[in-house]
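So the chains spell out like this:
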Amino acid sequence: MKICIIGGGSLGHVCAAVIGEDPSCKVSLLTGHPQSWGHEISATDPFGKIYRGRIERISDRPEDVVAGNDIVLLCLPGFLIGKALDDIRPYVGSAAVGTIVSSTGFFFMAPGILGENAPIFGFQRVPFISRVSQYGRSANLLGYKDSLAIATKNISGPAGLAASLESVLHTPVRLLGNIFEAALSNSNPILHTGRLYSMLHGRETAVFDHLVMFYKEWDDPSSETILAMDDELSALMKVLGVSGIPSLLEYYESTDAASLTRKISSIPAFQAIAAPMKAVPGGWTADFESRYFTEDFPFGLRYIKELCSKHGVPAPTVEKVYGWGMEQLGG
């Protein structure tokens, strides 16, 4: 099986290491910095296991690495997806083109660029929590998912695709019944944006005395905000006839805002993740240029807001949080 990974970020590193270790796979990589990559890359998990992947071809030119693959996998933030799809379009052929995370607009952009009949797929949630260790050489796989789910469109053998992904990612993969089950995930578009609103609303220019931990210092107001947003998303899904997305309380095995706070703040893999902040004289302040803002508002929460509006679903909390975030981005 031939797989081309698009993007050299944290997930690109870990996916290249994990997939590239499989002797039945040939991995290629499209990255803006090919000169910084070696043909061997490693990823170390929390238990000390080291994946050592082989990358056959590395280039910043799509014509060098995209053609002839079975799967093309985008490991990119939302604001880069449109351009990447346009760049690879002449070379993808019959490959299934997918995204490592679907909640940043992929299913809304891809048909208009690749064609309405293009075979596409996307993961509901990212398979790994990833961080780069040495760019182009090594990464840390900080956490696994117990199982994964993908949505597909125009895939002739969706069960076969799921089985292939399950094999190379070493994680059970199931098929979703609707693209909205992946595209409207209540993960980052709600989890990140609601937390940012609760943490920074009214304190946009405040100087904090320490670098806030995004999850470790999670509080009840953040839980209350994301639960209200999640309720609005659930109402939208009912209108769309979508099932299969667990509520945030179900996903985090919680019963109310307080128990959700305790759960999120205690997840081991999340402990070292800092809030999007930058150092300034006297402390730390919000970094509105972070991907938490530039991706999760205009390429995540945006689609939930627009679909709620289109289908007449009241979403006051989503609208409030989205409006605040876009105001910080100047939009």
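For the structure, check the block above.
This text gives an overview of the structure that appears in the document. This structure is a prediction, so every number in the text was calculated from the model and none was measured. (Residues numbered from 1 in each chain as written. Predicted model: local features only at pLDDT ≥ 70, side-chain atom pairs only at ≥ 80, totals over all residues. Heavy atoms only, no water.)

## A few points about the environment of Ile264
Line of reasoning, step 1. Residue position: Ile264 is located in helix α10 (residues 257–266).
Line of reasoning, step 2. Classification of Ile264 by relative accessible area gives buried; the value is 0%.
Line of reasoning, step 3. Sequence separation between Ile264 and Tyr215 is 49 residues, and the spatial gap between their C-alpha atoms is 6.3 Å.
Line of reasoning, step 4. Aside from chain neighbours lying at most four places away, what touches Ile264 is Leu191, Tyr215, Trp218, Ile226, Tyr252 and Phe270. (Helix = DSSP H or I, 4+ residues; strand = E, 2+ residues; numbered from the N terminus. Buried < 20%, exposed > 50% of the residue type's maximum accessible area, 1.4 Å probe, protein only. Contact = heavy atoms within 4.5 Å.)

## Details of the state of the cysteines
Line of reasoning, step 1. Enumeration over the complete set of coordinates arrives at zero disulfides.
Line of reasoning, step 2. Among the cysteines around Cys4, which has no disulfide bond, Cys75 carries the closest sulfur, lying 9.9 Å off.
Line of reasoning, step 3. Judged by relative accessible area, which is 0%, Cys4 ranks as buried.
Line of reasoning, step 4. Looking at Cys25, it has no disulfide partner, and the nearest cysteine sulfur is the one in Cys15, 12 Å off.
Line of reasoning, step 5. The class for Cys25 is buried, based on a relative accessible area of 7%. (Disulfide = S-S within 2.5 Å.)

## Comments concerning the nonpolar core
Line of reasoning, step 1. With 49 residues, the main nonpolar core has Leu196, Leu236 and Ile304 as its most contacted residues.
Line of reasoning, step 2. Broken down by element, the residue count for this core peaks at seven residues, all from helix α8 (residues 220–240).
Line of reasoning, step 3. In this structure, Val27, Ile55, Ile71 and Leu165 belong to the second largest nonpolar core, which totals 38 residues. (Core = buried A, V, L, I, M, F, W, Y, C linked by side-chain atoms within 4.5 Å.)

## Quick notes on helix α12 (residues 297–310)
Line of reasoning, step 1. With 14 residues, α12 should reach 20 Å at 1.5 Å per residue; the first-to-last C-alpha distance of 18 Å fits that figure.
Line of reasoning, step 2. Of all bends in α12, the biggest is about 30 degrees, found at Tyr303.
Line of reasoning, step 3. Burial in α12 covers these residues: Phe297, Pro298, Phe299, Gly300, Leu301, Tyr303, Ile304, Leu307 and Cys308.
Line of reasoning, step 4. Of the residues trailing α12, Gly312 is marked for its positive phi of about 70 degrees. (Expected span 1.5 Å × (residues − 1). Bend = angle between axes of the 7 residues up to and from the residue.)

## Concerning the sheet that holds strand β9 (residues 138–144)
Line of reasoning, step 1. Spatially, the eleven strands line up as an open sheet ordered β8-β9-β3-β4-β2-β1-β5-β6-β7-β10-β11, and their pairing is mixed. Either end of the sheet is taken by a strand with one partner, and the two such strands are β8 (128–134) and β11 (173–175). Between one strand and the next, the sheet's axes are offset by a mean angle of 30 degrees, whatever the strand orientation.
Line of reasoning, step 2. In this structure, strand β1 (residues 2–6) lies alongside strand β5 (residues 71–74), joined through four bridges in parallel fashion. Looking at β5, one finds that Ile3 is bridged to Ile71.
Line of reasoning, step 3. Packed on one face of the sheet, helix α3 (residues 78–88) meets β1, β2 (26–30), β5 and β6 (96–99) and runs near 155 degrees to β5. (Pairing = 2+ DSSP bridges. Axes fitted to C-alpha atoms, helices over the stretch in contact; angles between N-to-C directions.)

## Structural notes on helix α13 (residues 316–328)
Line of reasoning, step 1. Along its 13 residues, α13 runs 19 Å from first to last C-alpha, staying within 8% of the 18 Å computed at 1.5 Å per residue.
Line of reasoning, step 2. Buried residues belonging to α13 abut α7 (188–200), α8, α11 (291–294) and α12.
Line of reasoning, step 3. Backbone geometry just after α13 places Gly330 at a positive phi near 80 degrees.

## Concerning the pattern of salt bridges
Line of reasoning, step 1. A full pass over the atoms with the stated rule returns eight salt bridges.
Line of reasoning, step 2. A salt bridge links Asp87 to Lys83, with the nearest nitrogen and oxygen atoms 2.7 Å apart. One end of the pair is Asp87 and the other is Lys83, both in helix α3 and four residues apart, which spans about a single turn.
Line of reasoning, step 3. Given the relative accessible area of 31%, Asp87 is considered partly exposed.
Line of reasoning, step 4. By relative accessible area, which is 57% here, Lys83 ends up exposed.
Line of reasoning, step 5. The shortest N-O distance in the salt bridge between Lys263 and Glu253 comes to 3.7 Å. Here Lys263 is found in helix α10, whereas its partner Glu253 is found in the loop between α9 (248–251) and α10, with ten residues between them in sequence.
Line of reasoning, step 6. Accessibility expressed as a relative area gives 31% for Lys263, which makes it partly exposed.
Line of reasoning, step 7. Taken together, the shared-partner salt bridges connect Arg61, Glu63 and Asp64 into one network. (Salt bridge = Lys/Arg side-chain N within 4 Å of Asp/Glu carboxyl O.)

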